[in-house]
Amino acid sequence: MYPASFDYKRPATIDEAVALLTQFGDDAKVLAGGHSLIPAMKLRLARPRVVVDIGRIANLNYIREAGSSIAIGAMTTHQEIASSKQLQDKCPLLPETASHIGDMQVRNMGTIGGSLAHNDPAADYPAAILALDAEIDVAGPKGRRTIRAGDFFVDLLTTAIAPNELIVEVRVPATPKTVAYVKTEQKASGFALAGVAVVISPAGVRVGITGVAAKAYRATGVEQALKGKTTAEAIAQAAARATDGVELLNDIHASAEYRAHLAQVNTKRALERAASR
Ligand code: FAD
């Protein structure tokens, strides 16, 4: 199946990309790894008049230390993140999460910027990005701004980025090893039916959940129930609150009841695994 016809632009710099997005507004779409955009265009769910390919912009693919954080360029692929020794040492939750995404082909092409911008309700990164309380830098016509993870995921397939803004960098904090990502996937695609990311640190427990609602969320009921204690009994009781106050997805892939069950089971497993590390 072919997409509708479109103009193709290949900017060499971030400024050029932003200028094109500003010029064409809602008619333009950024192309990164193409593993969400191209299928959507082929199915005519997306019909951009102009595709702005950011794949040749030189300084968007890196993983480097930035103070107490690790900075990751938007075009860094899932596989580069999964296999990064630096991230495995300093922020092991992100490579663990990346290794669960799709298959090798998807991981070799898909990018962290593309996944976050797309904000698929069943994508893996959002759970980890929320649990890590990461920061996302976007570039726009007025320069760069930073969006906290908690403000980034607005609704189904909708984020806090404006149409003429580009994700340029994601920053994750260094964490202890007491982290885990546990996922039950939809067998055909690999997308999450319920994916749970956990960070246990001296400051407390943070839990991000994807796949069960229109957007990923912080399981604040679980976090509050675990204040100051991660015993087996406390974990079991806290995990029962994984979907408190959440409107659950109910579709051909899984019923709302099944998703709630998976979220609770995977929350318990992720907390146990993180605590045991
Ligand atoms: P693209 O497809 O190029 O772009 C996606 C969207 O983001 C577009 O709207 C585009 O305009 C926008 N965009 C891209 N980059 C930027 C940027 N820097 N700034 C602003 N906007 C931008 N994902 C999972 O999480 N888990 C899975 O198990 C999984 N399984 C998959 C299985 C298959 C068969 C396929 C095809 C995909 C799967 N994916 C999965 C999705 C995959 O991770 C995609 O790579 C990802 O969602 C999009 O990243 P991309 O770089 O390909 O972005």
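Cut-offs and rules
- Residues numbered from 1 in each chain as written.
- Predicted model: local features only at pLDDT ≥ 70, side-chain atom pairs only at ≥ 80, totals over all residues.
- Heavy atoms only, no water.
- Salt bridge = Lys/Arg side-chain N within 4 Å of Asp/Glu carboxyl O.
- Buried < 20%, exposed > 50% of the residue type's maximum accessible area, 1.4 Å probe, protein only.
- Pairing = 2+ DSSP bridges.
- Helix = DSSP H or I, 4+ residues; strand = E, 2+ residues; numbered from the N terminus.
- Patch = residues over 30% accessible without salt bridge, like charges linked within 9 Å, V, L, I, M, F, W, Y side chains within 5 Å.
- Areas by Shrake-Rupley, 256 points an atom, 1.4 Å probe, with all protein chains shown as cover.
- Phe/Tyr/Trp six-rings, centres within 6.5 Å; stacked < 30°, edge-to-face > 60°.
- Lys NZ or Arg CZ within 6 Å of the ring centre and 35° of its normal.
- Core = buried A, V, L, I, M, F, W, Y, C linked by side-chain atoms within 4.5 Å.
- Contact = heavy atoms within 4.5 Å.
- Near = heavy atom within 4 Å.
- Polar contact = N/O pair within 3.5 Å; in protein donor to acceptor, adjacent residues only side chain to side chain.
- Axes fitted to C-alpha atoms, helices over the stretch in contact; angles between N-to-C directions.
- Arc of directions from axis to C-beta.

**Some points on the pattern of salt bridges**
(1) Moving on: Within this structure, the stated rule accounts for 16 salt bridges.
(2) Moving on: Between Arg218 and Glu223 there is a salt bridge, and its shortest N-O distance comes to 2.6 Å.
(3) Moving on: Of the residues examined, Arg218 reaches a relative accessible area of 30% and is grouped as partly exposed.
(4) Moving on: Classification of Glu223 as buried rests on a relative accessible area of 11%.

**Things to note about the sheet that holds strand β12 (residues 192–201)**
(1) Moving on: Read across the sheet, 4 strands follow the order β11-β12-β13-β14 without closing on themselves; strand pairing throughout is antiparallel. Looking at the sheet topology across the chains shown, the edges are occupied by β11 (179–185) and β14 (217–218).
(2) Moving on: Relative to β14, strand β13 (residues 204–210) runs antiparallel, the two being bridged by 2 bridges. Following the sheet pairing, Gly208 is matched in β14 by Arg218.

**What about a nonpolar patch on the surface?**
(1) Moving on: Among the surface-exposed residues, Met1, Leu43 and Leu45 lie close enough to one another that they form a single nonpolar patch of about 400 Å² accessible area.
(2) Moving on: With respect to the helices and strands, Met1 occurs in the segment before β1 (7–9).

**Comments concerning the packing of aromatic side chains**
(1) Moving on: Evaluation of the coordinates by the stated rule reveals 1 aromatic pair.
(2) Moving on: Relative to Phe153, the ring of Phe152 lies with its centre 5.1 Å away and its plane at 80 degrees, an arrangement referred to as edge-to-face.
(3) Moving on: Over the aromatic face of Tyr62 sits the side chain of Arg64, whose NZ or CZ is 3.7 Å from the ring centroid.

**Describing the nonpolar core**
(1) Moving on: Core analysis: the largest hydrophobic core is formed by 37 residues, its most contacted members being Leu93, Leu94, Leu116, Tyr125, Ile129 and Val172.
(2) Moving on: Among the elements that line this core, the one with the most residues is helix α8 (residues 125–131), at 6 residues.
(3) Moving on: Sequence-distant contacts of Tyr125, defined by excluding residues within four places in its chain, comprise His78, Ile81, Leu94, Thr97, Ala98, Ile101, Ile112, Ser115 and Leu116.

**Focus: the site of the ligand**
(1) Moving on: The environment of the ligand is made up of 30 residues, and the closest members are Val30, His35, Leu37, Thr111 and Asp124.
(2) Moving on: For the ligand, an oxygen atom lies 2.8 Å from a polar atom in the backbone of Gly33.
(3) Moving on: Between the ligand and Gly190 there is a distance of 2.8 Å, counted from an oxygen atom to a backbone nitrogen or oxygen.
(4) Moving on: Protein burial of the ligand: of its 970 Å² of free accessible surface, 90% is covered by the chains.
(5) Moving on: Only β2 (28–31), α7 (112–118) and β10 (166–173) provide two or more residues apiece to the shell around the ligand.

**Topic: the sheet that holds β1**
(1) Moving on: Pairing is parallel across the open sheet formed by 3 strands, whose spatial order is β1-β3-β2. Here the strands that pair on one side only, and so sit at the sheet edges, are β1 and β2. Recorded for the sheet is a direction-independent mean angle of 25 degrees between the axes of neighbouring strands.
(2) Moving on: Where β2 lies against strand β3 (residues 50–53), 4 bridges are found, and the strand directions are parallel.

**Section: helix α1 (residues 14–24)**
(1) Moving on: Taken together, the buried positions of α1 are Ile14, Ala17, Val18, Leu20, Leu21 and Phe24. The buried residues of α1 occupy an angular sector of 160 degrees when projected down its axis, which confines them to one face. Those residues of α1 that are exposed and angled more than 90 degrees off the buried face are Asp15 and Gln23.
(2) Moving on: Structurally, α1 contributes buried residues whose contacts are with β1, β2, β3, β6 (135–140) and β10.

**Looking at the side chain of Asn119**
(1) Moving on: Here Asn119 lies in the loop between α7 and α8.
(2) Moving on: Relative accessible area serves as the criterion here: at 0%, Asn119 is assigned to the buried category.

**Observations concerning the pairing of β12**
(1) Moving on: Judged by how many residues are buried, β12 sits mostly within the fold: 9 of 10 residues are covered.
(2) Moving on: In terms of strand pairing, β11 meets β12 through 7 bridges, oriented antiparallel. Across the sheet, residue Tyr181 finds its bridge partner in β12, namely Ala197.
(3) Moving on: Counting the residues that bridge the hairpin from β11 to β12 gives 6 residues, and of these Gly190 lies at a positive phi of roughly 90 degrees.
(4) Moving on: Where β12 and β13 come together, 7 bridges link them in antiparallel fashion. From the neighbouring strand, Val198 faces β13, where its bridge partner is Val207.
(5) Moving on: The turn joining β12 and β13, which pair antiparallel and follow one another in sequence, is formed by 2 residues.

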